[in-house]
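# Fold and contact review
Each chain, written out:
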Amino acid sequence: MLTLAVDTRSRDAAFFAGLRAREFARLDAQRLAYLDYTGSALYAESQLYAHHALLRRGIFGNPHSDSAPSRASTDVIDAARRRVLRHFDVDERTHAVIFTANTSAAVKLVAESYPFDASTSLVLSSDNHNSVLGIREYAARAGAAVHAIALDEELRLRDARATLAAAKRGLFAFPAQSNFSGVRHPLALVSDAHRLGFDVLLDAAAYVPSHALSLRDVPADFTALSFYKLFGYPTGLGALIARRDALAKLRRPWFAGGTVLFASVAANTHRLRPGHEAFEDGTPDFLNIAALDAGFDLLDGAGMPRIAVHVAHLTELLLDGLLALHNVRVYGPRDLTARGGTIAFNIRGVPYWDVEAYARERGVALRGGCFCNPGASEAAFGIETSRLRGCLETLGADFTPQRLAACAGTVVGAVRASLGLANNEADVARALDVIASLSR
Ligand SMILES: Cc1ncc(COP(=O)(O)O)c(C=O)c1O
């Protein structure tokens, strides 16, 4: 049994070493340790070759017409929709794929179309990207109540079910994985929220690059993601994957080219197309959609379970290394339990921007700031709410993280290291060396 596990581990290590040499040689050629996978995945060389080969031999026109070039584009888009659904373990009978510019645009489609009114509520995890928190502006404008689920010391949701049970039914939005702390929130909350009468928007952006997600097992009504976070290329393309029954509840506030069955100026009327077509404004990004197949080939070639194990192994190395440095404070879980490959931390007495700059000069790409996740940041840094409110009101348009830190008398940002498919143990060791030399 033990021999079998060791064999698998060394086979997988050889696989990822080969992948790094074959697909990501530019990292070692430029001596760069890239630890910003939650910012963006890196593209593999094979994706570029496959996409360009397709473009060179194909003739692609504006889709939805009957010419051969138009049909070629429509076919590519239809095939991409099926591939996305297959990756998430569902099909066109139950789910629709709406191509968007990114996760933010996918979330906004739900935000602006959800039937909020005074009899409904919006429940948000405090740990959410700004692109999800922004839904509250649509909800509040429609008179819906807005509730936030608090976070505990590990930055996990505190009393999520009780908060949902106490709220009027409506929309519940949370991330499968935090882009701040790496916490994986319980996906069982989707069915719990359904039982309490909620529709659920799952922000899968930070979770799906290194973990399989079955929308058959996790029946979220709306799932938002960005493809560059999955496999680096193309940028400018994301998706809202919606259950068809949930999609039918949305009310689009406008129409555009491509979304209507008919529109009339004289009769002042229009009718939206059914399903995904009502939600894709204008001409879809058909040439970039054609690049998705090669991205999914990269993930399928490695296998999502194997990617998950690889990333978990590197995360453990990085986490243990950081926790061994006495001057480093890690925010969020201190072990691998229900967490992904994103780690936020600070070196005591060294501002995050200095750490980021020092690492950059030594060829290590980290990220500093609040990562567009103010709720997780506020909980992590323990900023007192009335003081924070006072500082933000005083600073107004003069806001900078440095001024907020001075006003609040506390740190207001962190360093984030995040891992993915292309990383190896040497990247982790280089990042730890840089951090250790600053934390002495
Ligand atoms: C969890 C999460 N949600 C949403 C977003 C927003 O994604 P995008 O900028 O691609 O719209 C991000 C981006 O980092 C993220 O990590």
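The structure displayed is predicted, hence computed values, not measured ones.

It is worth spelling out the overall build of the protein chain at this point. Looking only at helices and strands, the protein chain has 19 helices and 15 strands in total. Principal-axis analysis of the C-alpha atoms gives the protein chain an extent of 75 × 55 × 50 Å. The 440 residues of the protein chain split such that 43% are buried. Looking at the protein chain alone, contacts between residues at least 24 apart form 70% of all its contacts between residues at least 6 apart.

The next subject is the packing of helix H14 (residues 304-323) against helix H19 (residues 425-438). A pair of packed helices is captured by two measures, namely the crossing angle of their axes and the spacing between those axes. Axis separation between H14 and H19 bottoms out at 10 Å; the angle between their running directions is 15 degrees. The orientation of H14 relative to H19 falls into the category roughly parallel. Crossing of H14 against H19: the hand is right-handed. For the pair H14 and H19, contact is made by Leu314, Leu317, Leu318, Gly321 and Leu322 and by Glu425, Val428, Ala431, Leu432 and Ile435, respectively. Classifying every residue of the contact of H14 with H19 gives eight nonpolar, one polar and one charged.

Next up on the list: the sheet that holds strand S12 (residues 342-347). Ordered by their spatial adjacency, four strands build an open sheet running S11-S12-S15-S14, and the pairing between neighbours is antiparallel. The sheet is open, and its two edges are formed by strand S11 (328-331) and strand S14 (367-369), each paired on a single side. Pairwise comparison of adjacent strand axes, ignoring direction, gives a mean angle of 35 degrees for this sheet. Inspection of the sheet shows S11 paired to S12 by four bridges, in the antiparallel sense. Bridging across to S12, Tyr331 finds its partner in Ala344. Docked against the sheet, helix H15 (residues 352-361) engages S12, S14 and strand S15 (414-418), running at close to 165 degrees with respect to S14.

Next up on the list: the domain arrangement of the protein chain. Taken domain by domain, the protein chain consists of domain 1 (2-44 + 303-438) and domain 2 (52-299). Each of domain 1 and domain 2 was reduced to a C-alpha centroid, and the two centroids are 26 Å apart. With 31 residues of domain 1 in contact, the opposing surface of domain 2 contributes 31 residues. Breaking the side of domain 1 that touches domain 2 down by element, the ones donating at least two residues are H14, S12 and helix H16 (374-381). Class assignment of the residues belonging to the side of domain 1 that touches domain 2 gives a composition of 20 nonpolar, 10 polar and one charged.

This part takes up the site of the ligand. With respect to spatial proximity, 13 residues lie near the ligand, and among them Asn102, Ser104, His129, Asn179 and Ser226 are the closest. Here the residues of the shell around the ligand are counted per class, giving three nonpolar, nine polar and one charged.

The next thing to look at is the packing of helix H17 (residues 385-395) against helix H18 (residues 401-408). Two elements in contact, H17 and H18, have axes separated by 10 Å at closest approach and are oriented at 135 degrees. The angle between the axes of H17 and H18 places the two elements in the oblique class. Every pair of crossing elements has a handedness; the one defined by H17 and H18 is right-handed. Of H18, the residues touching H17 (which contributes Arg387, Leu388, Cys391, Thr394 and Leu395) are Arg403, Leu404, Cys407 and Ala408. A class-by-class count of the residues in the contact of H17 with H18 yields six nonpolar, one polar and two charged.

Another point: the environment of Ser73. Here Ser73 lies in helix H4 (residues 68-87). Owing to 24 C-beta atoms within 10 Å, Ser73 belongs among the buried residues under this scheme. Along the chain, Ser73 and Phe60 lie 13 residues apart, while their C-alpha atoms are 5.3 Å from each other. In this structure, Ser73 is in contact with Phe60, Gly61, Asn62, Pro63 and Phe286, ignoring residues within four places of it in sequence.

Following the sequence through the fold, Leu323 ends up in helix H14. Separated by 11 residues in sequence, Leu323 and Arg334 have C-alpha atoms that sit 7.7 Å apart.

The next point concerns the pairing of S15. The buried count for S15 comes to five of five residues, which makes it a mostly enclosed element. Bridge analysis of S12 against S15 gives four bridges, and the strand direction is antiparallel. The residue bridging Thr342 from the neighbouring strand is Ser418, located in S15. When S14 meets S15, the two strands line up antiparallel, connected through three bridges. When the bridges of S15 are listed, Gly368 appears paired with Val415.

It is worth spelling out helix H5 (residues 103-113) at this point. Burial runs high along H5: nine of the 11 residues are buried. Those residues of H5 not exposed but buried are Thr103, Ser104, Ala105, Ala106, Val107, Lys108, Leu109, Val110 and Ala111.

Among the nonpolar cores identified, the biggest contains 122 residues, and Leu240, Leu318 and Ala431 are the most heavily contacted of them. Residue assignment places this core across two domains, with domain 1 (2-44 + 303-438) and domain 2 (52-299) each supplying three or more. Not counting residues within four places of it along the chain, the set of residues in contact with Ala431 comprises Ala33, Leu35, Leu318, Val364, Leu366 and Ala417.

This part covers the environment of Ile383. Mapped onto the elements, Ile383 comes out in the loop between H16 and H17. For Ile383, a count of 20 C-beta atoms within 10 Å gives the class buried.

The next subject is the sheet that holds strand S4 (residues 145-149). The mixed open sheet is built from seven strands, whose spatial order is S2-S8-S7-S6-S5-S3-S4. Single-partner strands in this sheet number two, and they are strand S2 (95-100) and S4. Across the sheet, the axes of successive neighbouring strands diverge by a mean angle of 15 degrees, strand direction being ignored. Sheet analysis places strand S5 (residues 170-175) next to strand S6 (residues 199-203), joined by five bridges and oriented parallel. Residue pairing for S6: Leu171 is matched across the bridge by Asp199. Packing of H5 onto the sheet brings it into contact with S2, S6, strand S7 (222-226) and strand S8 (238-243), and relative to S8 it is tilted by some 35 degrees.

Calculation rules
- Residues numbered from 1 in each chain as written.
- Predicted model: local features only at pLDDT ≥ 70, side-chain atom pairs only at ≥ 80, totals over all residues.
- Helix = DSSP H or I, 4+ residues; strand = E, 2+ residues; numbered from the N terminus.
- Buried ≥ 20, exposed ≤ 12 C-beta atoms within 10 Å, placed from the backbone.
- Contact = placed C-beta atoms within 7 Å.
- Axes fitted to C-alpha atoms, helices over the stretch in contact; angles between N-to-C directions.
- Parallel < 35°, antiparallel > 145°, perpendicular 65-115°, else oblique.
- Left-handed = near helix turned anticlockwise from the far one by under 90°.
- Nonpolar A, V, L, I, M, F, W, Y, C, P; charged D, E, K, R; others polar.
- Pairing = 2+ DSSP bridges.
- Domains from an automatic or database assignment.
- Near = placed C-beta within 6 Å.
- Core = buried A, V, L, I, M, F, W, Y, C linked by C-beta atoms within 7 Å.

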